[in-house]
Amino acid sequence: MDQQTQPLVAMRGISKRYGGVQALADVNLDIYAGEVQALVGDNAAGKSTLIKILSGAVPRDSGAIHFDGREVDIGAPRDAKALGIETVYQDLALADNLDVASNIFLGRELTLNGPLRPFLDLRRMEEDARTLLSRLKINIPSIRQKVRSMSGGQRQSIAIARSVYFNARVVILDEPTAALGVEETRKVYDLVREMRSHGLAVLMISHNLNHVFEHSDRITVLKTGRLVGTRRVAETSRDEILRMIVSGEADPLPAAGQREAVS
Amino acid sequence: MSATGAHPQLVKRSRALQLLAELPGAAYLLAFMSVMLTLATPEFFSVANLTNVALQVSVLSIVAFGMTLVILTEGIDLSLGPVLGLCGVVMGLLLVGGWPPLLAIGVALVIGAAFGTLNGTLVAYVGMPPFIVTLGAFGIAMSIAMVLTQGNSVTGLPEYVRLFNDGVLLGIPVPIWATAACFALTYVLLYHTKFGRYTFAIGGNRQALILSGSPARFYQVLVYVYAGGLAAIASFIMTARMNAAHPTIGVGLEFDAIAAVILGGTSFEKGRGGIIGTVVGALAVGVLRNGLNLMGVSTEWQVAVVGLVIILAVSLDSLRGLNQ
């Protein structure tokens, strides 16, 4: 490999089969700290399967995942979280009947110390949630409000904030703005930019090429479970990416070798 | 989206008004019935009668607390009534057989928890519908209670058993203390521990809880175990009140408990509701039954009235947009 920086996450030769369907075949993906990596492709391209493998929700059949240069074993969501890989699933992220702070800490509640350990530290969770939201410049009227009554954009922001809180190094976003209006979409991408500037690696699935070109650093194209190619946004065009999505063929790479190697 | 979501600032303007608007149907029902009964029958608003209501409501409340948690997880436990009957029978038989009281109570608690484990495991790990699982457990618990007693009541209990019902501490009857203790325990568990947080999360978004890496299924089983345990505790009071253990005494109690939970504003979907509403709901059911008794309505008709009131209260809540 001839890159200047080492990728934070390197997925190598990832394959996954569901019965007779080859969902992923020998796919490589690199994710860099401080960058936004977009994943695009038609339906059934394998985008969701790929992120589910990285987040531990789906086991892979073969292939290896390297994190920070070391090969790691991700077999369950817990393993991915231990590495700092956090996932924001489309519509799956929040419990409507819980308030903002409870949702941010869902599954990782803070408890009191000593003999009071069985009990939740409600105050500290509220304070931390408030600090986190203000650090990410997310505007939520009340931390004690139930998530149910909030707008789509607020909910998505909370879901993303939750992933960031636990020392995340990689945040995976599955269609982060699919159900949002224009203004809310803008706020979510503000948040993505905020995460990138904090040195996080962001992996994002999106169907909207405008958003992808505006907000990501690299674009990886998948088609029917195969890797078509990865391009830097600065060095590609909408036409090229569209061609790759539709035809499943990558244009020949320029000889300079500035672009990433394609399998 | 609900109306509250559309106008957050409007709702925020008056916290008191909002609380009033979110009160479950049971609160209004309770207030209405109390006023009507006070006007209609002089006996209703007397210390003796209100104490009687509280005593009658104690068993129902304790069962309903457990039922609340189960319903918050989008489940239901139809077996709690017969399990209560079985726990009482077993405790009664052991006490009559000369077992030490703590041991007999312990065995009854284990039986309640065992049924909860069975129900919860089949629901959470096997993925069976709670209605089917607990309907099966309903039959099993009732059969075992009948077989153990040949269908007869267990009588000749030691004298001290009556203390569970007749005992008075600081001027307050033991069953009311027990209900308060069960309420406090459930409240703390529900709002101050992971167990409670996950109870809500299982109903609100079980998938999210699983993806967060929490042992969601394990906690789901615990909810049923807790409900079974509370049914066992309620059986002690029930047995003491009757001064005998009847194998079928609990049958129908699950009906009242579900009624109390629903009237108290807990929804069958999405884990909405809470334990305080259930207290109001249980009181409403208790006052309703008490009022029907005072007015001379037969027990047979009372079940129909309770059923009618549930349908009315829930449809009113739906109209007000509380259950959407």
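See above for the structure.
Residues numbered from 1 in each chain as written. Chains lettered and ligands numbered in written order. Predicted model: local features only at pLDDT ≥ 70, side-chain atom pairs only at ≥ 80, totals over all residues. Heavy atoms only, no water.

### Some remarks on the packing of aromatic side chains
Residues and elements named next belong to chain B.
Okay, so step 1: Applying the stated criterion across every chain yields a total of eight aromatic pairs over all chains.
Okay, so step 2: Between Phe 183 and Tyr 187, the ring centres sit 6.0 Å apart and the planes meet at 40°, which makes this aromatic pair tilted. Taken as a pair, Phe 183 and Tyr 187 lie in helix α10 (residues 174–192) at a separation of four residues, close to a single helical turn.
Okay, so step 3: Look at Tyr 187 and you get partly exposed, because its relative accessible area is 30%.
Okay, so step 4: Ring geometry for Tyr 198 against Tyr 219: centres 4.8 Å apart, planes inclined by 85°, an arrangement best described as edge-to-face. (Phe/Tyr/Trp six-rings, centres within 6.5 Å; stacked < 30°, edge-to-face > 60°. Helix = DSSP H or I, 4+ residues; strand = E, 2+ residues; numbered from the N terminus. Buried < 20%, exposed > 50% of the residue type's maximum accessible area, 1.4 Å probe, protein only.)

### Some words on the layout of surface pockets
Residue and element names in this part refer to chain B.
Okay, so step 1: By volume, the second largest pocket is sized at about 470 Å³.
Okay, so step 2: In terms of lining residues, the second largest pocket is bounded by 19 residues, among which Gln 56, Arg 241, Leu 253, Asp 256 and Arg 289 are the most central.
Okay, so step 3: For the lining of the second largest pocket, the elements supplying multiple residues, two or more each, are α5 (47–72), α12 (216–242), α13 (253–263), α14 (275–294) and α15 (299–319).
Okay, so step 4: Tallied by class, residues from the lining of the second largest pocket come to nine nonpolar, seven polar and three charged. (1 Å grid on protein atoms, 1.4 Å probe; cavity = no way out; pocket = protein on both sides within 12 Å on 5 of 7 lines; lining within 4 Å. Points joined across faces, edges and corners; volume = space filled by probe spheres on them. Nonpolar A, V, L, I, M, F, W, Y, C, P; charged D, E, K, R; others polar.)

### Thoughts on a nonpolar patch on the surface
All names here are of chain B.
Okay, so step 1: Taken together, the side chains of Tyr 125, Val 126, Met 128, Phe 131, Ile 132, Leu 135 and Phe 218 define a hydrophobic patch exposed on the protein surface, amounting to about 690 Å² of accessible area.
Okay, so step 2: Broken down by element, the residue count for the nonpolar patch peaks at three residues, all from helix α8 (residues 130–149).
Okay, so step 3: Position of Tyr 125 among the secondary structure elements: in the loop between α7 (101–124) and α8. (Patch = residues over 30% accessible without salt bridge, like charges linked within 9 Å, V, L, I, M, F, W, Y side chains within 5 Å. Areas by Shrake-Rupley, 256 points an atom, 1.4 Å probe, with all protein chains shown as cover. Salt bridge = Lys/Arg side-chain N within 4 Å of Asp/Glu carboxyl O.)

### Let's talk about empty space enclosed by the protein
Okay, so step 1: Enumeration over the complete set of coordinates arrives at two cavities of 30 Å³ or more.
Okay, so step 2: If you add up the space inside the largest cavity, you get close to 170 Å³.
Okay, so step 3: Taken together, 16 residues form the lining of the largest cavity, with Lys 81, Thr 87, Tyr 89 and Arg 162 of chain A together with Leu 211 of chain B sitting closest to its centre.
Okay, so step 4: When contributions to the lining of the largest cavity are tallied by element, the ones reaching two or more residues are α2 (77–83), β6 (85–88) and α5 (152–165) of chain A together with α11 (194–211) of chain B.
Okay, so step 5: Per-element accounting of the lining of the largest cavity gives the leading share, four residues, to β6 of chain A.
Okay, so step 6: The volume enclosed by the second largest cavity comes to roughly 40 Å³.
Okay, so step 7: As for the second largest cavity, its lining consists of Leu 84, Gly 85, Gly 88, Val 89, Ser 235, Met 238, Thr 239, Ala 244, Ala 245, His 246 and Ile 249 of chain B.
Okay, so step 8: Elements with a minimum of two residues in the lining of the second largest cavity: α6 (80–96) and α12 of chain B.

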